[in-house]
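One-letter residues, chain by chain:
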Amino acid sequence: MRCKIDDLPDELLEYILSLVPPYKDLEACKFVCKRWRRTTEVVIARNEAHFQRSVATGSLLWNSLPSTHWHLPTISKRHSHSACIYDNSMYVFGGCSSTWTTFNDLWKLDLDTRTWVRPNTMGSYPSPKACATMLYYQKNFILFGGWSYPVPFPLLQQWRLFNELHIYSIESNKWTAINTLVTPPPTSAHSASIHGNTMVVFGGICDGESSNDVWCFNLDSYRWHKQITFKSFILPEPRYGQSQIELGEQHLLVLGGCTGPNSPMNDAWLLEMEGPFWMWKKVTMCNTEWAPTRIWCHQACKVGNYVIVLSKNKRQTKSNDMSISLKKTACQRSTSPHDESNPLHGRPRNISTPDRDENVNGRHGAFSRSHLQNARTSSYIPNISKAVPIPMPLFSDNSLSMAAFRDQPLHSTSNTIRQRQLESLRRMEEKIKNKKAQAKASKKTEKTFSIFVLDITKVLDDCSASWIPLKQDNYSGPDERILYSLVAGKGELIVFGGIRKQHMAMHCNFLNDEVYNDLHFINPPRYNI
């Protein structure tokens, strides 16, 4: 007896459709028949409700996109870019590389196939820039502000801020520059959101200083105006790098940001946009012990009545947060002009100065002149039990270590001492390898992303928000980073790009910053019918 799919009960059909990716493929299932359309709508609504419940309870899972094939186009590594969702695709504009070279390209990620496509756009291209805002409005993207370094990249020349406004038409695949008589000052690292037919811009860096001004752009008349807020009430401090959440046409929420160097903020502000004069209200934050350590250049994303924030794992100690400052202080102490061990300082008198290896090919160490002279001139063979090994440099490569060891002046008859020194060097190298392996293994547990959830259900009623207590023992997230993009898809969150500062613990100087072009998805657990 043959059984057709139409003979299946509704429960089985719902389960089958729940396994379909929630983008074009699931939308196409609506056009099969009336029964499929009804069942598909039930699956979409159930998936969205399940996603919001998972956000509220913190039961979210990380999923990474596997590396694409070499023959497929792939977006370059970048940070400080702009990202926006439309229909079944995510669009990414601009950003900059690890050398702070800015882009003005536009890329499209097909969320069904998880593949990148670069549209051949037309019209008036925006300038290459980073830290701009891009918002969706009626099949258009609104791009405003940003910064870039000049093309020749002179070290002493200041960066450039923009107050350009471009509109990208998705249907015509064309950029259009909007020129107005009244414009905001050149702004970067600001925040923006759409409310009705108005784009509201807050804060950012203007004229080299932080700002707390509010500018509005009418998307119908293409006119800017600076919004007046009540001066008698408390105002948020000037800041940049904050997140802005749209709460209907008459309210918005500003979260976090930075007021200056090493001055991150973890507060939240509610802006009531009613009448000719708008008013700021400071939001009371509850359960702050469950809040992230910082919300600076960490983009937030709204899901229902909750706000998702990604930040570094709370298991990291506070000493790690201040590692850069401590290392700078250690460097200053180690290179103090009054320190006799400072290589820039004059050599102390009446002290045998050692020959120091000047970090050639990563080698470090010290060789005593008196000890080397004694080894060359003396024919006396010391007692094996009282023999002192010659100080040796530390190497990470066995072949280099042994070659350097053979260059040391040892007596031809002191085979026993040589064997002891070789054994000591071998043990030392094993310890170094073990420490490196342990550091690499603990990388995923100490410097990974964690998910933080802010409940904003009561923010419009009593101007309060509460951080939800969640378990921070899930270390499957990506490496910690900043200046990434976080957008909400259909039943999932999409994380792309970003930059992570790397520093060396021993040498007091910074390595190249690591920039990413990987994709990560935050999904709820599989829904079981």
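With an unreviewed UniProt entry as reference, the protein chain is termed F-box only protein 42, source organism Harpegnathos saltator.

A.B. asks: Help me understand the overall build of the protein chain in this model?
C.D. replies: Counting secondary structure elements, the protein chain contains nine helices and 33 strands. For the protein chain, the proportion of its 529 residues judged to be buried stands at 42%. When the accessible surface of the protein chain is totalled, it reaches about 29400 Å², and 53% of it is carbon and sulfur.

A.B. asks: Sorry if this is basic, but what is going on with a nonpolar patch on the surface here?
C.D. replies: Together, Ile5, Tyr15, Ile16 and Leu19 make up an exposed nonpolar region whose accessible area comes to about 330 Å². Along the chain, Tyr15 falls in helix 1 (residues 10-18).

A.B. asks: What is the right way to look at the pairing of strand 15 (residues 198-206) in this model?
C.D. replies: Along any regular strand, the residues point their side chains to alternate faces of the sheet. For strand 15, the tally of buried residues reaches nine of nine residues, placing the bulk of the element in the interior. Relative to strand 15, strand 13 (residues 187-188) runs antiparallel, the two sharing two bridges. Among the inter-strand pairings, Thr187 is bridged to a residue of strand 15, identified as Cys206. Relative to strand 15, strand 14 (residues 191-195) runs antiparallel, the two being bridged by five bridges. Counterpart to Ser191 in the pairing with strand 15 is Phe202. Count of turn residues in the strand 14/strand 15 antiparallel hairpin: two residues, of which Gly196 carries a positive phi of about 65 degrees. Where strand 15 and strand 16 (residues 209-218) come together, eight bridges link them in antiparallel fashion. Each bridged residue has a counterpart across the sheet, and for Thr198 the counterpart in strand 16 is Asn218.

A.B. asks: Explanation requested: the sheet that holds strand 24 (residues 306-312) in the structure shown.
C.D. replies: Sheet strands pair via backbone hydrogen bonds, and the direction of the pair is either parallel or antiparallel. A sheet is described by the order of its strands in space; here five strands give the open sequence 22-28-27-24-23, paired in mixed fashion. Among the strands making up the open sheet, the edge pair consists of strand 22 (284-286) and strand 23 (300-303). With strand direction ignored, the average angle separating the axes of adjacent strands in the sheet is 30 degrees. As defined by bridge partners, strand 22 adjoins strand 28 (residues 464-467) across three bridges and the pair is classed as parallel. Along strand 28, the bridge assignment pairs Cys286 with Ser466.

A.B. asks: How should the environment of Phe521 be read in this particular structure?
C.D. replies: Locating Phe521 in the fold gives a position in strand 33 (residues 519-523). Relative accessible area serves as the criterion here: at 4%, Phe521 is assigned to the buried category. Along the sequence, Phe521 and Ile494 sit 27 residues apart, while their C-alpha atoms lie 4.8 Å from each other. Once residues within four sequence positions are removed from consideration, Phe521 is found in contact with Leu61, Trp62, Asn63, Leu65, Arg114, Glu492, Leu493 and Ile494.

A.B. asks: Please explain helix 3 (residues 34-57) as it appears in this structure.
C.D. replies: Note: α-helices contain 3.6 residues per turn, so residues at a spacing of three or four share the same orientation. Over its 24 residues, helix 3 extends 35 Å from the first C-alpha to the last, a length consistent with the 34 Å expected when each residue adds 1.5 Å. Taken together, the buried positions of helix 3 are Arg35, Trp36, Thr39, Thr40, Val43, His50, Phe51, Ser54 and Val55. One or two steps after helix 3, the chain reaches Gly58, where phi turns positive at roughly 75 degrees.

A.B. asks: I tried to follow the packing of helix 1 against helix 3 on my own but got confused; where do I start?
C.D. replies: For any two helices packed against each other, one specifies the inter-axial angle together with the distance between the axes. It is at 9 Å that the axes of helix 1 and helix 3 come closest, and there the two elements cross at 60 degrees. The angle between helix 1 and helix 3 places the two elements in the oblique class. Helix-helix and strand crossings are classified by hand; for helix 1 and helix 3 the assignment is right-handed. Listed contacts from helix 3 to Asp10, Leu13, Glu14, Leu17 and Ser18 of helix 1 are Arg35, Trp36, Thr39, Thr40, Val42, Val43 and Arg46.

A.B. asks: Help me understand the pattern of salt bridges in this model?
C.D. replies: Oppositely charged side chains can form a pair if their charged atoms are brought close together. Throughout the structure, instances matching the rule amount to 19 salt bridges. Put simply, Lys281 and Glu272 hold a salt bridge, and the shortest N to O gap is 2.9 Å. Connected through salt bridges with shared partners, the residues Glu423, Arg426, Arg427 and Glu430 form a single ionic network.

A.B. asks: Please explain unusual backbone geometry as it appears in this structure.
C.D. replies: Glycine aside, the phi torsion of most residues is negative, and most peptide linkages are trans. If you check the backbone angles, Cys131 has positive phi at about 60 degrees while not being a glycine. Relative to the helices and strands, Cys131 resides in the loop between strand 6 (122-123) and strand 7 (133-136). Taking relative accessible area as the criterion, Cys131 reaches 17% and is therefore assigned buried. Unusually for a residue other than glycine, Gln138 sits at a positive phi of about 50 degrees. Of note, Gln138 is situated in the loop between strand 7 and strand 8 (140-144). Residue classification places Gln138 among the exposed residues on the basis of a relative accessible area of 55%.

Calculation rules
- Residues numbered from 1 in each chain as written.
- Predicted model: local features only at pLDDT ≥ 70, side-chain atom pairs only at ≥ 80, totals over all residues.
- Heavy atoms only, no water.
- Helix = DSSP H or I, 4+ residues; strand = E, 2+ residues; numbered from the N terminus.
- Buried < 20%, exposed > 50% of the residue type's maximum accessible area, 1.4 Å probe, protein only.
- Areas by Shrake-Rupley, 256 points an atom, 1.4 Å probe, with all protein chains shown as cover.
- Patch = residues over 30% accessible without salt bridge, like charges linked within 9 Å, V, L, I, M, F, W, Y side chains within 5 Å.
- Salt bridge = Lys/Arg side-chain N within 4 Å of Asp/Glu carboxyl O.
- Pairing = 2+ DSSP bridges.
- Axes fitted to C-alpha atoms, helices over the stretch in contact; angles between N-to-C directions.
- Contact = heavy atoms within 4.5 Å.
- Expected span 1.5 Å × (residues − 1).
- Parallel < 35°, antiparallel > 145°, perpendicular 65-115°, else oblique.
- Left-handed = near helix turned anticlockwise from the far one by under 90°.

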